[in-house]
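# Working through the structure, step by step
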Amino acid sequence: MKDQKLTPQTKLIHVGRDPHAHHGVVNPPIYRASTILHPTLDAWEKAWQPGFTGYRYGRRETPTSRGVESAICELYGGDRCVAVCSGMTAISLAILGLCKAGDHILVTDSVYGPTRIFCDEILPQYGVSTEYYDPAIGSDISKLLRPETSLVYTESPGSLTFEIQDIPAIVNAVKQHGVKVISDNTWATALYFNPLDHGVDVVVEAATKYISGHSDVLMGVIVGRGDIAQQIYSKAKMMGMCCGSEELYSAQRGLRTMALRLKQSGNTGFKIAEWLANRPEVARVFHPAFPNSPGHGIWMRDFSGCSGLFSFQLYPVPKAAVAAFYDNLSLFGIGASWGGYESLVMPANPVDIRTAVSWDEQGALIRLYTGLEDAMDLLNDLERGFTRMAEACRNVAAS
Ligand SMILES: *Cc1c(COP(=O)(O)O)cnc(C)c1O
């Protein structure tokens, strides 16, 4: 399949499975394995030779993990992928794999919150210092480079506030200094943006989100090209990182419908974002497809679509009115994560976690994820929320 010029949508259907290796059964069987037997002493010894392509031990590889990893590789045009037990594991492994004691790394200020905690709490124990940079920095990233800078971490769009980063400009500015670039590509997935095609060294994606797509799997993938991808794979195995077979199976099944789910979720999100932008309660919508969203021009240039995750900011209202909006939403669940079939809403508060660029907007920031429900039904649910909010505002004013 690798040589065929297929669109990503078609690839998703066929990558990482081989029915005729399994009696014609369309879906690959789940291999659950720790022990893998070798028929002879000679076979056992060969399994430890360089270039061995079979299976040695379940933690290292099974046909189930190889299926998912080869599928993700093909989607990104990478050389090696490793699937691990969460998106956060993928992130910590990618960072640990690319820096050493004494290094300085640059991380976007709009980074996923738990990634920031990892950089602040874990990396100093190993002598690695983190500096946060303005997500809009572009080629000016070169001004922050020190002799000991080893890594630039990007996430586009950023978590909660959805700034699109100029990844090609960042890559061009740091490559000649031997600095590596990681991208968290969870929002766009391989379908809407491929950081590897823009010179990024390592892509991480929370397969927990769109790849698995049903809110029942935690999984992360790391993919890259050449030696660096091989090194990350080896380090994952040295650190004992792998992914459970049920999760791998669910993720490979999720891939088959991902293009449709992503498209539906993204289209609904855009419709709802447009509706929100015209609501009197809403100060601003943060959605990469909106002209006033940070980095919109770069999104137009580099991305081929948008997913269903964005945020919007209310004009300041009392806390009780914000609660009245959230409470009793019937279709949007209040919860973390996203990428499943069901719509979600979550309070976002960048104030305390931004250090490079302060966030001083007034009014509650709300993150929305639009799932696969009908857009009108979702819109009506939100409208009822705004009605409750207005009522609560009147009650507060009257008391
Ligand atoms: C959810 C998420 C992660 C972490 O994934 P988990 O599987 O929950 O650990 C990382 N990055 C982004 C952008 C995410 O949305």
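The structure displayed is predicted, hence computed values, not measured ones.

### Some thoughts on the sheet that holds strand β12 (residues 365-369)
Pairing within the open sheet is mixed, and its 5 strands lie in the order β8-β9-β12-β11-β10. The strands lining the two open edges of the sheet, one partner per strand, are β8 (282-286) and β10 (333-334). In terms of strand pairing, strand β9 (residues 309-314) meets β12 through 5 bridges, oriented antiparallel. Pairing of Q313 across the sheet is with L365, part of β12. The sheet contacts of helix α9 (residues 245-277) involve β8, β9 and β12, and relative to β9 the element is tilted by about 10 degrees.

### Quick look at the nonpolar core
Formed by 63 residues in total, the largest nonpolar core has its most connected members in I72, I141, V152, W187 and M219. Excluding anything up to four places from it in sequence, V152 contacts L106, Y133, I141, I170, V174, V179, K180, V181 and I182. With 28 residues, the next largest nonpolar core counts I91, V107, Y132 and I222 among its residues.

### Topic: the side chain of T161
Along the chain, the position of T161 falls in the loop between β4 (149-155) and α6 (167-175). Within the structure, T161 has its side chain in polar contact with the side chain of R354 (distance 3.0 Å).

### Quick word on the pattern of salt bridges
The full count for this structure, using the stated rule, is 17 salt bridges. For the salt bridge of R354 with E163, the shortest nitrogen-to-oxygen distance reads 3.5 Å. You can see R354 sitting in the loop between β11 (344-348) and β12 and its partner E163 sitting in the loop between β4 and α6, a full 191 residues away along the chain. Classification of R354 by relative accessible area gives buried; the value is 11%.

### Digging into the site of the ligand
Looking at the ligand, there are 13 residues lining it, with G87, M88, D184, T208 and K209 nearest. In the environment of the ligand, a nitrogen atom lies 2.6 Å from a nitrogen or oxygen atom belonging to the side chain of D184. Separating an oxygen atom of the ligand from a side-chain N or O atom of T208 is a distance of 2.5 Å. Compared with its free state, where it exposes 380 Å², the ligand has 90% of that area covered by protein. Element by element, the count of residues in the shell around the ligand is highest for helix α4 (residues 87-97), at 3 residues.

### Regarding the packing of α4 against helix α5 (residues 113-121)
Close contact between α4 and α5 brings their axes to 10 Å; oriented N to C, the two are set at 40 degrees. In this view, α4 runs oblique relative to α5, as classed from their interaxial angle. For the crossing formed where α4 meets α5, the hand is right-handed. Across the interface between the two elements, M88, I91, S92, I95 and L96 from α4 touch P114, T115, F118 and C119 from α5. Residues of the contact of α4 with α5, tallied by class, amount to 7 nonpolar, 2 polar and no charged.

### A short note on the UniProt feature "modified residue: N6-(pyridoxal phosphate)lysine" (unreviewed entry) in the protein
Here, the residues flagged by UniProt with the feature "modified residue: N6-(pyridoxal phosphate)lysine" (unreviewed entry) are K209. Discounting residues that sit within four places of it in the chain, K209 has contacts with T186, S337, W338 and G339.

### A closer look at the packing of aromatic side chains
Centre-to-centre distance and the angle between the planes together describe a pair of aromatic rings. Tallied over the entire structure, the rule returns 12 aromatic pairs. Measuring from ring centre to ring centre gives 5.4 Å for F286 and W359, while their planes differ by 55 degrees; the resulting arrangement is tilted. Of this pair, F286 sits in strand β8 while W359 sits in the loop between β11 and β12; the two residues are 73 residues apart in sequence, bridging distant segments of the chain. Centre to centre, the rings of F325 and F386 are 5.1 Å apart; their planes meet at 40 degrees, and the pair counts as tilted. With a gap of 61 residues between them, F325 in helix α11 (residues 319-326) and F386 in helix α12 (residues 375-398) connect regions that are remote in the sequence. The exposure classification of F325 matches that of F386, with both residues buried. Positioned over the ring face of Y233 is R80, at 3.6 Å from the centre of the ring. Between the NZ or CZ atom of R116 and the centre of the ring of Y132, over which it lies, the distance is 3.9 Å.

### Observations concerning a nonpolar patch on the surface
There is a patch of nonpolar side chains on the surface, built from L41, W44 and W48 and spanning about 370 Å² of accessible area. Along the chain, W48 falls in the loop between α2 (41-46) and α3 (63-76).

### Brief notes about α4
Most of α4 is tucked away, with 9 of its 11 residues classed as buried. Among all positions of α4, only G87, T89, A90, I91, S92, L93, A94, I95 and G97 are buried. Two or three places before M88, at the opening of α4, S86 has a side-chain oxygen 3.3 Å from that residue's backbone nitrogen.

Definitions and limits used
Residues numbered from 1 in each chain as written. Predicted model: local features only at pLDDT ≥ 70, side-chain atom pairs only at ≥ 80, totals over all residues. Heavy atoms only, no water. Pairing = 2+ DSSP bridges. Helix = DSSP H or I, 4+ residues; strand = E, 2+ residues; numbered from the N terminus. Contact = heavy atoms within 4.5 Å. Axes fitted to C-alpha atoms, helices over the stretch in contact; angles between N-to-C directions. Core = buried A, V, L, I, M, F, W, Y, C linked by side-chain atoms within 4.5 Å. Buried < 20%, exposed > 50% of the residue type's maximum accessible area, 1.4 Å probe, protein only. Polar contact = N/O pair within 3.5 Å; in protein donor to acceptor, adjacent residues only side chain to side chain. Salt bridge = Lys/Arg side-chain N within 4 Å of Asp/Glu carboxyl O. Near = heavy atom within 4 Å. Areas by Shrake-Rupley, 256 points an atom, 1.4 Å probe, with all protein chains shown as cover. Parallel < 35°, antiparallel > 145°, perpendicular 65-115°, else oblique. Left-handed = near helix turned anticlockwise from the far one by under 90°. Nonpolar A, V, L, I, M, F, W, Y, C, P; charged D, E, K, R; others polar. UniProt positions renumbered as here; feature names shortened; annotations may be inferred. Phe/Tyr/Trp six-rings, centres within 6.5 Å; stacked < 30°, edge-to-face > 60°. Lys NZ or Arg CZ within 6 Å of the ring centre and 35° of its normal. Patch = residues over 30% accessible without salt bridge, like charges linked within 9 Å, V, L, I, M, F, W, Y side chains within 5 Å.

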